[in-house]
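So the chains spell out like this:
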Amino acid sequence: MSADKLLFRLDDGNVLIELTDELGPVNTWKVTEGDCIQITTGYVDSEEHGFECKDVAQPYSKVITLFDASWDTTEGSTGKATVNYTQGCSPSSWTLEKKE
């Protein structure tokens, strides 16, 4: 069953990211906890390999990639992450904390 919101915890920097499945064609993401990621909001591309969280100002600029994540991912699942535009943290994995 798909969710409207997913809350992912990254393994470094105490970062919590919220992905929202909007009614329209563009899904969004935002950082809700933590301050080590310099770009804190944007849009989500659902790719074959997972989610790509991108910057609105630079549309092709990937900020966060959550590998093997999807709207159907179950709570407690984990996976690899890559994060650009950080200061003071180096997240490399995610855990799905909550699905709404």
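Scroll up for the structure.
Conventions we followed
Sequence order as written defines the numbering, with residues in each chain counted from 1. Since the coordinates come from a predicted model, pLDDT governs what is reported: local features require at least 70, and pairs of side-chain atoms require 80 or more to be given and counted, while whole-chain, interface and lining totals use all residues. Each side-chain value is worked out from all heavy atoms of the structure, with water and hydrogens disregarded. The term salt bridge refers to a pairing of a side-chain nitrogen on Lys or Arg with a carboxyl oxygen on Asp or Glu at a separation within 4 Å. Strands here are runs of E lasting at least two residues and helices are runs of H or I lasting at least four, both read from the DSSP assignment and numbered beginning at the N terminus. Exposed residues in this analysis have more than 50% of their type's maximum accessible area, buried residues have under 20%, and partly exposed residues fall in between, with area computed by a 1.4 Å probe over protein chains only. In this description, a disulfide is simply a cysteine sulfur pair whose atoms lie within 2.5 Å.

1. Observations regarding the pattern of salt bridges
Scanning the entire structure with this criterion turns up eight salt bridges. The partner of lysine 62 in a salt bridge is glutamate 52, with the nearest N and O atoms 3.6 Å apart. Taken together, the residues span a long stretch of sequence, with lysine 62 in strand 6 (residues 62-67) and glutamate 52 in strand 5 (residues 50-55) at a distance of ten residues. Among the residues examined, glutamate 52 registers a relative accessible area of 7% and is labelled buried. What emerges from the salt-bridge pattern is a single network uniting Asp45, Glu52, Lys54 and Lys62.

2. Digging into the state of the cysteines
Counted according to the given criterion, the structure contains one disulfide. One disulfide in the model links cysteine 36 with cysteine 89; its S-S distance is 2.0 Å. Judged by the sign of its S-S torsion, about 80 degrees, the cystine formed by cysteine 36 and cysteine 89 is right-handed. Of this pair, cysteine 36 sits in the loop between strand 3 (27-33) and strand 4 (41-47) while cysteine 89 sits in the loop between strand 7 (78-83) and strand 8 (93-99), and the two are 53 residues apart along the sequence. Exposure remark for cysteine 36: the relative accessible area of 4% places this residue in the buried category. Among the residues examined, cysteine 89 registers a relative accessible area of 5% and is labelled buried. The closest cysteine sulfur to the non-disulfide-bonded cysteine 53 is located on cysteine 36, 14 Å from its own sulfur. The exposure class of cysteine 53 is buried, given its relative accessible area of 0%.

Function-wise, these values are silent; they only describe arrangement.
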